[in-house]
Amino acid sequence: IKSAVPAEPAFNFTYEYELDRYFYYLTGCNEPGLILVLVPGAKEEFIMYVEPKNFKKEMWGEMHIGIEGAKEIYGAQAAYPIKEFKDKIGRYTWKKDKVYVNFNDPAFVKEVSAKSLWPTGKKLVDIRGILDDMRLIKGPEEIEIMQKAIDMTVEGLNNTMMAAEPGMYEYH
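Everything quoted here is computed from the prediction, not taken from an experiment.

## Here we look at the overall build of the chain
Thinking step 1. Check the secondary structure of the chain and you find seven helices and five strands.
Thinking step 2. Element order for the chain, N to C, with α for helix and β for strand: α-β-β-α-α-β-α-β-α-β-α-α.
Thinking step 3. Summing over all exposed atoms, the chain offers an accessible surface of approximately 12,500 Å²; the carbon and sulfur share of this is 58%.

Spelled out as structure tokens, the structure:
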């Protein structure tokens, strides 16, 4: 699964970055352009391909979690420079009948299928449906966080209603 990549600015218009919700759901990471590989049953089940730290770029505001950050912050069992992904993808998929990919990114799907399917006839499966179903089931921690958000929202709405007066506009 690849995280979203920011759109290139066009003329005088810049696009706001929108992260890929599936990548974020699985990793908690919002850095653009990263790749997540999950290999159940392997020695390294949770692998991230990231941009290595570059202190010159960081001086100008381009921050990356780097290889160590992927492991320490996000719990990846292994992390590699993103430029190595194309050479390594085959080692994760060669024994698998199915390869699950986020079909939101057609270029990435094409890259994965070119490196991992030919000539074996393996099947590419869109992972979005599976993850959508998983996101419906909440654990105790998620329910607690959601309840806190609901409580804060109720408190804010109650305070707003108590402060409201006839003839008052919403910007007061």
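## Considering the side chain of Thr27
Thinking step 1. For Thr27, the location among the structural elements is in helix H1 (residues 21–27).
Thinking step 2. With a relative accessible area of 10%, Thr27 lands in the buried category.
Thinking step 3. Within the structure, Thr27 has its side chain in polar contact with the backbone oxygen of Phe23 (distance 2.8 Å).
Thinking step 4. Separated by 3.0 Å, the side chain of Thr27 and the backbone nitrogen of Cys29 make a polar contact.
Thinking step 5. Other than its neighbours up to four places away in sequence, Thr27 contacts Leu36, Phe46 and Tyr74.

## What about helix H4 (residues 85–93)?
Thinking step 1. When H4 is considered as a whole, its buried residues turn out to be Phe85, Lys88, Ile89, Tyr92 and Thr93. One side of H4 holds all its buried residues, which, seen down the axis, span an arc of 140 degrees. Relative to its buried face, H4 has exposed residues pointing more than 90 degrees away, namely Asp87 and Arg91.

## A few points about the side chain of Asn102
Thinking step 1. Topologically, Asn102 is positioned in the loop between strand S4 (98–101) and helix H5 (106–116).
Thinking step 2. Classification of Asn102 by relative accessible area gives buried; the value is 3%.
Thinking step 3. In terms of polar contacts, Asn102 uses its side chain to reach the side chain of Asp20, at 3.0 Å.
Thinking step 4. Among the polar contacts listed, one links the side chain of Asn102 to the backbone nitrogen of Asn104, at a separation of 2.8 Å.
Thinking step 5. What Asn102 contacts, discounting residues up to four positions off in sequence, is Ile1, Asp20, Tyr22, Val109, Asp126, Ile127 and Arg128.

## Topic: the nonpolar core
Thinking step 1. Formed by 17 residues in total, the largest nonpolar core has its most connected members in Val37, Ile47, Tyr49, Phe85 and Tyr92.
Thinking step 2. Looking at this core, the elements that each hand over two or more residues are strand S1 (35–38), strand S2 (46–50), strand S3 (78–81), H4, S4 and H5.
Thinking step 3. Those residues in contact with Ile47 that lie beyond four places of it in its chain are Ile35, Leu36, Val37, Val39, Ala78, Tyr80 and Tyr92.
Thinking step 4. Judged by nonpolar contacts, the second largest core, of 15 residues, contains Leu36, Phe46, Val50 and Ile65.

## Quick word on the sheet that holds S1
Thinking step 1. Pairing in this open sheet of three strands is mixed, and the strands run S1-S2-S3 from one edge to the other. Of all strands in the sheet, those with a lone pairing partner are S1 and S3, marking the two edges. Taking each pair of neighbouring strands and ignoring which way they run, the sheet shows an average axis angle of 20 degrees.
Thinking step 2. Relative to S3, S2 is paired through four bridges, and the arrangement is parallel. Note on S3: the bridge partner recorded for Tyr49 is Tyr80.

## With respect to a nonpolar patch on the surface
Thinking step 1. A grouping of Tyr100, Ile130 and Met134 is seen on the molecular surface, where their side chains present a nonpolar patch of about 260 Å² in accessible area.
Thinking step 2. Turning to its location among the elements, Ile130 is positioned in helix H6 (residues 128–136).
Thinking step 3. Residue classification places Ile130 among the partly exposed positions, given a relative accessible area of 39%.

Parameters and conventions
Residues numbered from 1 in each chain as written. Predicted model: local features only at pLDDT ≥ 70, side-chain atom pairs only at ≥ 80, totals over all residues. Heavy atoms only, no water. Helix = DSSP H or I, 4+ residues; strand = E, 2+ residues; numbered from the N terminus. Areas by Shrake-Rupley, 256 points an atom, 1.4 Å probe, with all protein chains shown as cover. Buried < 20%, exposed > 50% of the residue type's maximum accessible area, 1.4 Å probe, protein only. Polar contact = N/O pair within 3.5 Å; in protein donor to acceptor, adjacent residues only side chain to side chain. Contact = heavy atoms within 4.5 Å. Arc of directions from axis to C-beta. Core = buried A, V, L, I, M, F, W, Y, C linked by side-chain atoms within 4.5 Å. Pairing = 2+ DSSP bridges. Axes fitted to C-alpha atoms, helices over the stretch in contact; angles between N-to-C directions. Patch = residues over 30% accessible without salt bridge, like charges linked within 9 Å, V, L, I, M, F, W, Y side chains within 5 Å. Salt bridge = Lys/Arg side-chain N within 4 Å of Asp/Glu carboxyl O.

Geometric values such as these leave the question of function open.
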